[in-house]
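Each chain, letter by letter, is given below.
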Amino acid sequence: MSNSSLPPLPSSDRTDVTARLRDALLGASFSADGLLDLLGAPAYAALARSETVPALRATRGDSPLEALVRLFLLQQPVPHARVADVLPVADCLESGWLTRTGGDEVAATVDVRPYGGPGGEDWFIVSDLGCAVGGAGGIGSRDEAVVLGVGGASMTLAGITVRTPVGSALDLGTGSGIQALHAVQHATRVTATDLNPRALHVTALTLALSGAPAADLREGSLFAPVADDETYDLIVSNPPFVISPGARLTYRDGGMGGDDLCRTLVQEAGDRLNDGGYAQFLANWQHVEGEDWQDRLRSWVPRGCDAWIVQREVQDVTQYAELWLRDAGDHRSDPVEYQARYDAWLDEFEARKVKSVGFGWITLRKSAAAQPSVVVEEWPHPVEQPLGDTVRAHFDRVDYLRAHDDAALLAGHFMLAGEVVQEQVGLPGAEDPEHVVLRQHRGMRRATKVDTVGAGFAGVCDGTLSAGRILDAIAQLVGEDPVLLRDRTPSQIRLLVEQGFLEPAR
């Protein structure tokens, strides 16, 4: 792998310079909040779409913050005199954060993007030039070893990750180190791996510039850098999951046929987890003619693991090919070359009988249960991030339901989850609604139809009475046999607990 077309990276050994640079950036309010205040919401949002013109217009003044935004985020040369009193310029030039350009100007050698941590921390994500805002924007076509910055996928994974204190965490395919940066906040020991040595260097810079503890950085593919006897409490990966003909771009293409990379990653994770540990991935998977996509994904789940797999989006093969051809900037290349690459993509899908590609989240939990819970569902609707607590609560409910048969369920006490509302749907003026819907306004934001018994049951669950006692009272109100009602209702209670509308009272 050659990095010849990419500029040298700043030194990762000069921690003294990195610390002074961090202090200088924060001293000038070069932070997520500072950017929003300076640029305003429209220009700030435009950066995520790879549009820099609004930000350039908003930084035409002479304040220190405007100079730093132009230098590190917009990659514009800045006169030496403008930053001489703001940055340790001599040290930054000597250690490689800055370089001299034509005339008396300096330029950044890497992108530096302010990134707000979940607890209000001021972090910085380092990446290759042109890769910090809005994804690659075609830069990947210049060099396969390019290291991207913050993107929607990496932020999604960070948001769904279970954040509890753990002894050990593993970030596979760390890239610019975003997942490792989150992990060092709640894991005693963090290992970060990547096939691209440049990515490991960038991760070291991201951690140091963010004032975070260092991670154990190892070069190699998937679990190859990890010893056979090493296990973890948390494994996270935003892998190069793009299903493509060949592995042209290291940052996104897995290099295995079809969705084999994602399948291999999931299947091998089970042996690397400690009991009770979580493995969480983003992935693409093929929808193959003659196969049920849910059964296909169930076959990936390793033994001894519960799983929750959520499909967030599906694209037909033409949409999918066009998305990633644009990502690489191929749509701006020679039309004949573009058509040839498009054809190659469709040839690959045709040979594999792939009709569409799904994208979503995969979470495993090592449980060693006799009957593992494997939930595979499609949920393309809006959710509320962060979802880490929602993911953990899902598996807590799995444990509860697995340990409680119907009799135990009726003896249990439940609480209506927070911010659940009831909606009645029917014709205006009708005496009774056609159906009743319970809707969550937090987490997954689910909605589920219930009958009048289910709605009445959920409405009075405050932890005081057992489920059986509540059903007996409802039976008396509606004139139904309480024994029959107890017999037919546990399945509805079980579903409401499983989906998070009801919570066991502690």
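Calculation criteria
- Residues numbered from 1 in each chain as written.
- Predicted model: local features only at pLDDT ≥ 70, side-chain atom pairs only at ≥ 80, totals over all residues.
- Heavy atoms only, no water.
- Pairing = 2+ DSSP bridges.
- Helix = DSSP H or I, 4+ residues; strand = E, 2+ residues; numbered from the N terminus.
- Axes fitted to C-alpha atoms, helices over the stretch in contact; angles between N-to-C directions.
- Buried < 20%, exposed > 50% of the residue type's maximum accessible area, 1.4 Å probe, protein only.
- Phe/Tyr/Trp six-rings, centres within 6.5 Å; stacked < 30°, edge-to-face > 60°.
- Arc of directions from axis to C-beta.
- Core = buried A, V, L, I, M, F, W, Y, C linked by side-chain atoms within 4.5 Å.
- Contact = heavy atoms within 4.5 Å.

## Some details on the sheet that holds strand β17 (residues 447-450)
- Across the sheet, three strands lie side by side as β15-β16-β17; this open sheet has antiparallel pairing. Each of the sheet's edge strands pairs with one partner strand only, and the pair in question is β15 (420-425) and β17. Neighbour-to-neighbour, the strand axes of the sheet open up by a mean angle of 25°, direction not taken into account.
- Sheet analysis places strand β16 (residues 435-440) next to β17, joined by four bridges and oriented antiparallel.

## Quick word on unusual backbone geometry
- With an omega dihedral of 0°, the bond running from Gln385 to Pro386 counts as a cis peptide bond.
- Of note, Pro386 is situated in the loop between β13 (374-378) and α15 (388-403).
- Residue Leu222 is not a glycine yet carries a positive backbone phi of 50°.
- The topology assignment puts Leu222 in the loop between β8 (216-219) and β9 (232-237).
- Phi is positive for Lys353, close to 60°, though the residue is something other than glycine.
- Within the fold, Lys353 resides in the loop between α14 (335-351) and β12 (354-366).
- Note on Lys353: relative accessible area 52%, which makes it exposed.

## Description of the packing of aromatic side chains
- Applying the stated criterion across every chain, the model contains nine aromatic pairs.
- Plain terms: the ring middles of Tyr338 and Tyr342 are 6.0 Å apart, the flat faces sit at 80° to each other, and that makes the pair edge-to-face. Placement of the pair is Tyr338 and Tyr342 together in helix α14, with a separation of four residues, close to one helical turn.
- Among the residues examined, Tyr342 registers a relative accessible area of 16% and is labelled buried.
- When the centroid spacing of 6.1 Å and the interplanar angle of 85° are considered together, the rings of Tyr400 and Phe414 count as edge-to-face.

## Notes on helix α20 (residues 490-498)
- Listing the buried residues of α20 in full gives Pro490, Gln492, Ile493, Leu496 and Val497. Considered in projection along α20, the buried side chains sweep an arc of 160° and stay on one side of the axis.
- Positive backbone phi, at 90°, marks Gly500, one or two positions downstream of α20.

## Overview of the nonpolar core
- Core analysis: the biggest nonpolar cluster contains 76 residues, and Ile235, Phe281, Ile362 and Leu364 have the highest contact counts within it.
- The element that contributes the greatest number of residues to this core is strand β10 (residues 273-288), accounting for eight residues.
- For Ile362, the residues in contact, after removing those within four places along its chain, are Val266, Ala279, Gln280, Phe281, Ala283, Trp285, Trp300, Trp308 and Ile309.
- Counting 39 residues, the second-largest nonpolar core is a separate cluster that includes Leu35, Val69, Val89 and Phe124.

## Examining the pairing of strand β5 (residues 122-127)
- The element β5 is largely enclosed, with a buried count of five among its six residues.
- Pairing geometry for strand β4 (residues 111-116) and β5, over six bridges, is antiparallel. By the bridge assignment for β5, Gly116 is matched with Asp122.
- Hairpin connection, β4 to β5: the antiparallel pair is bridged by five residues, and Gly120 has positive phi, about 85°.

## What about the sheet that holds strand β3 (residues 105-108)?
- Strand order across the open sheet formed by three strands is β1-β3-β2, with antiparallel pairing between neighbours. Strands at the two margins of the open sheet, each flanked by one partner only, are β1 (78-79) and β2 (98-101).
- Note that β2 and β3 share four bridges and pair antiparallel. Each bridged residue has a counterpart across the sheet, and for Leu98 the counterpart in β3 is Ala108.

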